[in-house]
Each structure stands twice: as structure tokens, then as C-alpha cells.
Amino acid sequence: MDALSLREKMKQNWAGRLVLLAASKAYGLGVWFNRTCYENGWKRVESVNSRVVCIGNITAGGTGKTTAVLLAATALAKEGVRVSIVSRGYKRQQAGKDEVTILFDNPDADWRLAGDEPYMMSRVLSQYKVPIVIGRHRAAAANEALRRFKSQIVLLDDGLQHHRLKRDANIILIDAKNPFGGGHLLPLGNLREPLSALQRGTLFVLTHCDQVSPRTLEDIKDTIRQYNDTAEILESVHQPEYYFDVCKAEKVDLKAVTGAAACFSALGHPETFENTLKNLGLELKQVWRFPDHQVYTEETLRTFEQTRGGLPLITTFKDFVKFPDNWRDILTGQVYVLSVNLKIRGGEEEFNKFTDALYPKFSKMRGGI
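The text that follows walks through the structure, step by step, so that each part is easy to find. (Residues numbered from 1 in each chain as written. Predicted model: local features only at pLDDT ≥ 70, side-chain atom pairs only at ≥ 80, totals over all residues. Heavy atoms only, no water.)

**Let's talk about the overall build of the protein**
Okay, step 1: A count of helical and extended segments in the protein gives 11 helices and 13 strands.
Okay, step 2: Radius of gyration (C-alpha) of the protein: 21 Å, near the 21 Å computed for a compact globule of 369 residues.
Okay, step 3: By principal-axis analysis of the C-alpha atoms, the protein measures approximately 60 × 55 × 45 Å.
Okay, step 4: Taking all 369 residues of the protein together, the buried fraction comes to 51%.
Okay, step 5: Contacts spanning at least 24 positions in sequence make up 75% of the contacts within the protein whose residues lie at least 6 apart.
Okay, step 6: Of the accessible surface of the protein, which amounts to about 17,800 Å², a share of 49% is contributed by carbon and sulfur atoms.
Okay, step 7: Charge centroids of the protein, computed over 50 positive and 43 negative side chains, lie 4 Å from each other. (Helix = DSSP H or I, 4+ residues; strand = E, 2+ residues; numbered from the N terminus. Rg over C-alpha atoms; globule rule 2.2 N^0.38 Å. Buried < 20%, exposed > 50% of the residue type's maximum accessible area, 1.4 Å probe, protein only. Contact = heavy atoms within 4.5 Å. Areas by Shrake-Rupley, 256 points an atom, 1.4 Å probe, with all protein chains shown as cover. Lys, Arg positive; Asp, Glu negative; His and termini not counted. Charge placed at Lys NZ, Arg CZ, Asp CG, Glu CD.)

Structure representation (C-alpha cells):
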């Protein structure tokens, strides 16, 4: 039984909930103490000679952070801004505590040394030549980005709870479907920090806004404004772009894949991916869900192939990069990756608020003052 299933089982009785509540209190004390150490100078905050923008969240998983980082990096790169991404590389393999891995013009790099999400981002951003520097010590990784790539902006991927590296702006993502983690800290709820952490936000981006009512969106905004009444709040949706046929290495129009299909994913909230496929008109006959960051084995892929019944098999880029090297010898027929991007609602004016939070000079580059 995985950790999420165990937690849900414990929530079903008062004794289990009591244990989870006690663990949440202990977790909250640790979060408070760590933040207090930095705020009082007991732990050192490090600065780098570049603008640092954090893109993070206050809940665990499923907010759309990765697509937001991709949108930010793409927007900056298109304007000729030298941008790097710094990531911890969750669950990556590493030889030592301070080891740094760099993804840049090396498509044959081993994803295990970088982590699945950084590796996926590097593949998507390859055309824009955006380096991704992975290391547990984020300040050292940021300095490496400056030394090697002379980065004007460092995007700190999932770093809101990382206080050691000083940042110039915090872009906080809020999942409209489950905005505040059930109102409890981990592990009883999904909050990484108390809601008071919203005070640190420079800009808020609500995600999955098409999956909730306008009234719900206003309620979320009202809650945010109780803690932060100065930051802009933007709305966004995850917009499917195309399917990528991995066997033929070519893009496929969304309308070209219809009818019955099978899918699998290892995501924080797999239902979002599955609902997207349903909204595209697919009838999901077979669905496999795995714990977030699952590594796929030859045996797992053979199971897909043997039980999919000849149906199109659909997954995500994050999952595809974790296929074993000999996946082509196992999977045949129609195997697709769904490409999805983050779209800011409200047109150019709202998108400009997003880019200005990344790089205030954007307004001057657009002819502003």
C-alpha cells in the first residue's frame, strides 16, 4: 500500500485521523522553526548576481507548476533573455550531496541523474536552449548557471519552501480544484505551509480554472486577499496542444485520435490528465494510475501492450521520459504523448502581468515606461 492510500485509509477512522493530526502539528512546528531560523539570521540566506524568480505552491502536487515553469522559460527565451532553470531534481540519483547536474544540449543524458520533471523540461525547451541546473544546494546551482551561461534570470523551480536562496519574486500557483489542501498541513491535508505563506506572493496564478465555477474562483481570490491584498491574481487553464506519436516521432492533430483509448500516468493528480482526454472526446476503456514519479519497467510496459486490446495508448511527457531504453521493442501501434501548455486567461494584458513578474524590463521592451 502506497503512502497516499494509507493516508486515505487512516482518515476513515478517528484514531487514524488523530495520528495524522498529530503528525501535521509536528510538521507545522518544523516548518515554522525552519522559516524562523532564516528570518532571524540563524541560518544564512544566500544571494546571487542575477534576478531570481521562484515558481512554487503551498500545496503538495497537482497545481501545474511544471507547465508554468515551461511557459515562463519560453516567454523569456523568445525575448532573447538569458534564462536558466534551477531545480532540486526530486528523487534523482546522485553520487554526492552537493553534486550538480546540467541539462543543456545533451539529449542523451540519463534522466535518473536529473529527475523526471527537469529532464522532461529540458526536452521540451531544447529548441530555446534553456539550461537546467539540478542540485540540492540551489544557491550553488544558481551560481553555476551564472558562471556557465551568464543567466540574466534564474527560475527557481518549486522553491517556495526553500528559504536559503534569496529571490526577487514569488509566483505562487493555486489549484482551483483544491486550492488550500483541505485546510490542514501534511499529512492530514495537502498544505506544505500555513495560509500565512500567501503573504510572500508577488503574483498568484490560479490553475485549472475551467474546472470550477466562477463563484468558486471568487471565493479563492477572497481567501488570498485576506493574506495578500496587493499581489495580482491571474486565471489560467491547461490547454491541450497536440498528440506526439512516439513510435513515428511526429505530431498528430488532437482531432485525429478518436473513440476508445487506454491511458496511464504517474502524476500528483492523474484525474486531471484523464479528464482532459475525456474532454477531447476519448472513451477511456483502460486506465492505469501509478504513484507520482513512478519508474517504468519492461514488465510494466509488457502489461500495457498485452492488455490494451489494440487501443491507442496515451500518456504524458513526464511519464514517457521514464520508459526503459528498449521500449520500442515492447510497445507497438499507436502510442501517444499528450502535449499540454498553460494559458493565461484574459488576453495580452493579463499575460503581460505574468511576464512583468518574471522580468520587469518586459514593459520597457514592449515600449512601456
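**Looking at a nonpolar patch on the surface**
Okay, step 1: Together, Leu29, Trp32, Phe33 and Trp42 give the surface a local cluster of nonpolar side chains, amounting to about 510 Å² of exposed area.
Okay, step 2: Within the fold, Phe33 resides in helix H2 (residues 14-39).
Okay, step 3: For Phe33, a relative accessible area of 46% translates into the label partly exposed. (Patch = residues over 30% accessible without salt bridge, like charges linked within 9 Å, V, L, I, M, F, W, Y side chains within 5 Å. Salt bridge = Lys/Arg side-chain N within 4 Å of Asp/Glu carboxyl O.)

**What about the packing of aromatic side chains?**
Okay, step 1: Under the defined criterion, the tally for this structure stands at 14 aromatic pairs.
Okay, step 2: When the ring of Phe264 is compared with that of Tyr296, the centres are 5.3 Å apart and the planes differ by 75°; the resulting orientation is edge-to-face. With Phe264 in strand S10 (residues 259-265) and Tyr296 in the loop between strand S11 (282-289) and helix H8 (298-307), this residue pair connects regions lying 32 residues apart in the sequence. Comparing Phe264 with Tyr296, the two get one shared label, buried.
Okay, step 3: Measuring from ring centre to ring centre gives 6.0 Å for Phe264 and Phe323, while their planes differ by 25°; the resulting arrangement is stacked. Taken together, the residues span a long stretch of sequence, with Phe264 in strand S10 and Phe323 in the loop between helix H9 (317-320) and strand S13 (335-344) at a distance of 59 residues.
Okay, step 4: You can call Phe264 buried: its relative accessible area is 0%. (Phe/Tyr/Trp six-rings, centres within 6.5 Å; stacked < 30°, edge-to-face > 60°.)

**Re the packing of helix H3 (residues 65-78) against helix H10 (residues 347-358)**
Okay, step 1: Relative to each other, H3 and H10 sit at 80°, their axes nearing to 10 Å. Between H3 and H10, the crossing angle belongs to the class labelled roughly perpendicular. Contacts from Ala68, Leu71, Ala72, Ala75 and Leu76 of H3 reach H10 at Phe351, Phe354, Thr355 and Leu358.
Okay, step 2: Here the contact of H3 with H10 is built from residues that sort into eight nonpolar, one polar and no charged. (Axes fitted to C-alpha atoms, helices over the stretch in contact; angles between N-to-C directions. Parallel < 35°, antiparallel > 145°, perpendicular 65-115°, else oblique. Nonpolar A, V, L, I, M, F, W, Y, C, P; charged D, E, K, R; others polar.)

**Description of the side chain of Ser50**
Okay, step 1: Examined against the element boundaries, Ser50 turns out to sit in the loop between H2 and strand S1 (51-57).
Okay, step 2: Looking at Ser50, its side chain comes within polar contact range of the main-chain oxygen of Ser151, at 3.2 Å.
Okay, step 3: Every residue in contact with Ser50, bar those within four places of it in the chain, is listed here: Leu146, Ser151, Gln152, Ile153, Val154 and Asp168. (Polar contact = N/O pair within 3.5 Å; in protein donor to acceptor, adjacent residues only side chain to side chain.)

**Points about the environment of Gly347**
Okay, step 1: Inspection of the secondary structure puts Gly347 in helix H10.
Okay, step 2: When its relative accessible area of 40% is taken as the criterion, Gly347 is described as partly exposed.
Okay, step 3: Considering only alpha carbons, one finds Gly347 and Leu284, 63 residues apart in sequence, at a separation of 33 Å.

**Observations concerning the environment of Trp42**
Okay, step 1: Position of Trp42 relative to the elements: it lies in the loop between H2 and S1.
Okay, step 2: For Trp42, a relative accessible area of 58% corresponds to the exposed category.
Okay, step 3: In the structure, Trp42 is positioned 301 residues away from Lys343 in sequence and 41 Å away in space, judged by C-alpha atoms.
Okay, step 4: Not counting residues up to four positions away in its chain, the partners in contact with Trp42 are Thr36 and Cys37.

**What about the state of the cysteines?**
Okay, step 1: Taken as a whole and assessed by the stated rule, the structure comprises zero disulfides.
Okay, step 2: Here Cys37 is not disulfide-linked; the sulfur of Cys54 is the nearest cysteine sulfur, at 20 Å.
Okay, step 3: There is no disulfide at Cys54, and the cysteine sulfur nearest it, in Cys209, is 19 Å away. (Disulfide = S-S within 2.5 Å.)

**Re the pairing of strand S2 (residues 83-87)**
Okay, step 1: Most of S2 is tucked away: five of the five residues are buried.
Okay, step 2: Side chains Val83, Ile85 and Ser87 of S2 all project onto a buried face; the interleaved residues Ser84 and Val86 project onto the opposite face, where all are buried too.
Okay, step 3: Pairing of S2 with strand S5 (residues 153-157) involves four bridges; the strand directions are parallel. Paired with Ile85 across the two strands is Leu155, which belongs to S5.
Okay, step 4: Across three bridges, the pairing between S2 and strand S4 (residues 132-134) is parallel. Following the sheet pairing, Ser87 is matched in S4 by Ile134. (Pairing = 2+ DSSP bridges.)

**So, the nonpolar core**
Okay, step 1: Residues Leu76, Ile85, Leu155, Ile171, Phe354 and Leu358 are the most contacted members of the largest nonpolar core, which totals 39 residues.
Okay, step 2: No other element matches H3, which puts eight residues into this core.
Okay, step 3: Ignoring sequence-local partners within four residues, the contact set of Ile85 consists of Val69, Ala73, Met121, Leu125, Val130, Pro131, Ile132, Val133, Leu155 and Asp157. (Core = buried A, V, L, I, M, F, W, Y, C linked by side-chain atoms within 4.5 Å.)

**Looking at the side chain of Asp245**
Okay, step 1: Within the secondary structure layout, Asp245 lies in strand S8 (residues 232-245).
Okay, step 2: Within the buried core, Asp245 has no salt-bridge partner, and the shortest N-O distance to an opposite charge, that of Lys248, equals 4.6 Å.
Okay, step 3: A distance of 3.0 Å separates the side chain of Asp245 from the backbone nitrogen of Lys248, its partner in a polar contact.
Okay, step 4: Contacts of Asp245, omitting those with residues within four sequence positions, involve Glu250, Val252, Val335 and Tyr336.

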